[in-house]
Amino acid sequence: MADQKAEEYLKHNAPVDASAYATNFGAHREGMTKEEVADYYSNWALKGTYEQDLGPDRYHGPEIACDAMEQTYEMEDRGRVKVLDIAAGTGFLGEKLFKKGFTKIDALDPAEGMLAVARKKNVYGRLICDFMGENRLPVENDEYDCAVIAGGMGEGHIPCVALHEMIRIVKPGGKIIIVMRQEYLEYVGDYKDALEPLMQQLEADGKWDLISRTVVPNYSFNKNGVVFKFQHNAPVDASAYATNFGAHREGMTKEEVADYYSNWALKGTYEQDVGPDRYHGPEIACDAMEQTYEMEDRGRVKVLDIAAGTGFLGEKLFKKGFTKIDALDPAEGMLAVARKKNVYGRLICDFMGENRLPVENDEYDCAVIAGGMGEGHIPCVALYEMIRIVKPGGKIIIVMRQEYLEYVGDYKDALEPLMKQLEADGKWDLISRTVVPNYSFNKNGVVFKFQ
């Protein structure tokens, strides 16, 4: 199949492109060992023609990978992100990442000749000459925030089994980005009916979550590429999970839930047990708010943080320019901690439910919930009160664990039907419903956004 693809390209393209394609194909011949592939690349690099043969007019993998990295990390965070550029080659991708603010980049490649060229570009810290495969790399567990591959997948290149090693070296919560030619999934022996099934199995095993799978045009020599983006899952901390589950036990009254949270907060362990390595609800909700409101408008937006807790979300919103934030929570102990953060105006200790809050009609531009949905938490009927207190044209954003829709008694076959009924009744419009990975303790979340 690979030979047929090569013959077809050589027949229909200009001699200069055909020559470059043939040279590139030389590193992808069926039956080559990994050592033969590495030697081929070394000689190609040392010959001095590699960067011309795979220049930006023919090979767009590094550009596509760099775009994926830019979309993943904000500019202000990039200098702190420790990146491993896998199959770094002569440093095409490293150069692009460095220019975009990623300054902590290591390179991994089995071809010494390639790394010799990459070293001269002065964009890498450590240069590791080794194979990415079933072997254990000279790298610590959880060493990198992100591992990225552009062009390292192919016949005789990085095998399926290497996914396990990628997961080992990336921190929980870190990202793994793989950019490759799409057609390799169909005919490369090690990948056909194997690579994507393994990716799916690793997700089923809780090792990582698929963030996105995107097909992109003109990856290499006019062939489509595919970009896989994963997030490494943190191993669940049983003690913290059990403590969190204590607030979600079936049959608890709303008063019992509020007392549980108050005691948990006043004990001083809440923010550690539900910290950002385990619970990403506030981060996800903040992202949704940033996407909804432009920076210049945020200071004018009056926000109600529902189920505000100790102020995780309020802190994040305040840093992003939202300065008119009130907090609502039924747990006095939680609000006592939140008050100290000085990000809220009014702090309202009350339940969000069928009761009428001490809030005027149409008082807020936006109501946002992160983590307030669950067994014994905010009931379905509370949607009416959210609509009452938000201005016409205002937004209501609800971020919750996805599986609660399936088994929490008040939500199963009820929450989403009520949302749809309210839309049919002209009370609000659904802007988006988005499933997100790793919302809480490695479980998916769902973000509802209404107007």
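Bear in mind that the values here come from a model prediction, so they are computed numbers and not experimental data.

**Comments concerning the sheet that holds strand β11 (residues 364-370)**
Within the open sheet, the seven strands sit side by side as β10-β9-β8-β11-β12-β14-β13. Their pairing is mixed. Looking along the sheet, the strands with just one partner apiece sit at the ends: β10 (347-349) and β13 (430-440). The average undirected angle you get between the axes of adjacent strands in this sheet is 15 degrees. As defined by bridge partners, strand β8 (residues 302-306) adjoins strand β9 (residues 324-329) across five bridges and the pair is classed as parallel. Bridge pairing in β9 links Val303 to Ile325. In the packing of helix α15 (residues 281-292) onto the sheet, contacts are made with β8, β11, β12 (390-401), β13 and β14 (443-450), and the angle to β12 comes to roughly 150 degrees.

**Things to note about the side chain of Asp329**
Following the sequence through the fold, Asp329 ends up in strand β9. The side chain of Asp329 is buried and forms no salt bridge, while Arg339, the nearest opposite charge, is found at 11 Å. At a separation of 2.8 Å, a polar atom in the side chain of Asp329 contacts the main-chain amide nitrogen of Gly309. Aside from chain neighbours lying at most four places away, what touches Asp329 is Ala307, Ala308, Gly309, Met334, Leu335, Ile348, Cys349 and Asp350.

**What to know about the UniProt feature "domain: Methyltransferase" (unreviewed entry) in the chain**
The sites that UniProt annotates as "domain: Methyltransferase" (unreviewed entry) are residues 83-174 and 303-394. Regarding residues 303-394, the helix share stands at 26% and the strand share at 27%, and the terminal C-alpha atoms are separated by 10 Å.

**Regarding the packing of aromatic side chains**
Applying the stated criterion to the full structure yields 20 aromatic pairs. Geometrically, the ring pair formed by Tyr40 and Trp44 is edge-to-face, given 6.0 Å between the ring centres and 75 degrees between the ring planes. Here Tyr40 and its partner Trp44 are both found in helix α3 (residues 34-47), four residues apart, which amounts to about one turn of the helix. Ring geometry for Tyr41 and Trp44: centres 6.0 Å apart, planes at 15 degrees, overall stacked. On the criterion of helical spacing, the pair formed by Tyr41 and Trp44 is a turn pair, its members being three residues apart in helix α3. With respect to class, Tyr41 is no different from Trp44; both count as buried.

**Some words on helix α21 (residues 415-424)**
For α21, every residue scored as buried is listed here: Leu415, Leu418, Met419 and Leu422. For α21, the angular spread of the buried residues around the axis is 105 degrees, confining them to a single face. In α21, the exposed residues that point more than 90 degrees away from the buried face are Lys420 and Ala424. Next to the buried residues of α21 lie α19 (382-389), β12, α20 (404-407) and β14. Taken from the residues just after α21, Gly426 is the one with a positive phi, measuring 75 degrees.

**So, unusual backbone geometry**
Peptide bonds are mostly trans, and most non-glycine residues show a negative phi. Non-glycine residue Asn218 carries a positive phi angle of around 55 degrees. On the secondary structure map, Asn218 appears in strand β6 (residues 208-220). The phi angle at Asp362 is positive, at roughly 55 degrees, despite the residue not being glycine. Assignment of secondary structure puts Asp362 in the loop between β10 and β11. Look at Asp362 and you get partly exposed, because its relative accessible area is 39%.

**Examining the pairing of strand β7 (residues 223-232)**
Burial analysis of β7 places nine of its ten residues in the buried class, the great majority of the element. Where strand β5 (residues 170-181) meets β7, seven bridges bridge the pair, whose relative direction is antiparallel. Residue pairing across strands places Met180 opposite Val226, the latter belonging to β7. Note that β6 and β7 share nine bridges and pair antiparallel.

**Some thoughts on the pattern of salt bridges**
Enumeration over the complete set of coordinates arrives at 19 salt bridges. Arg401 is the partner of Glu403 in a salt bridge, and the nearest nitrogen-oxygen pair spans 3.1 Å. A network of salt bridges, in which partner residues are shared, links Glu51, Glu95 and Lys121.

What counts and what doesn't
Residues numbered from 1 in each chain as written. Predicted model: local features only at pLDDT ≥ 70, side-chain atom pairs only at ≥ 80, totals over all residues. Heavy atoms only, no water. Pairing = 2+ DSSP bridges. Helix = DSSP H or I, 4+ residues; strand = E, 2+ residues; numbered from the N terminus. Axes fitted to C-alpha atoms, helices over the stretch in contact; angles between N-to-C directions. Contact = heavy atoms within 4.5 Å. Buried < 20%, exposed > 50% of the residue type's maximum accessible area, 1.4 Å probe, protein only. Lys, Arg positive; Asp, Glu negative; His and termini not counted. Salt bridge = Lys/Arg side-chain N within 4 Å of Asp/Glu carboxyl O. Polar contact = N/O pair within 3.5 Å; in protein donor to acceptor, adjacent residues only side chain to side chain. UniProt positions renumbered as here; feature names shortened; annotations may be inferred. Phe/Tyr/Trp six-rings, centres within 6.5 Å; stacked < 30°, edge-to-face > 60°. Arc of directions from axis to C-beta.

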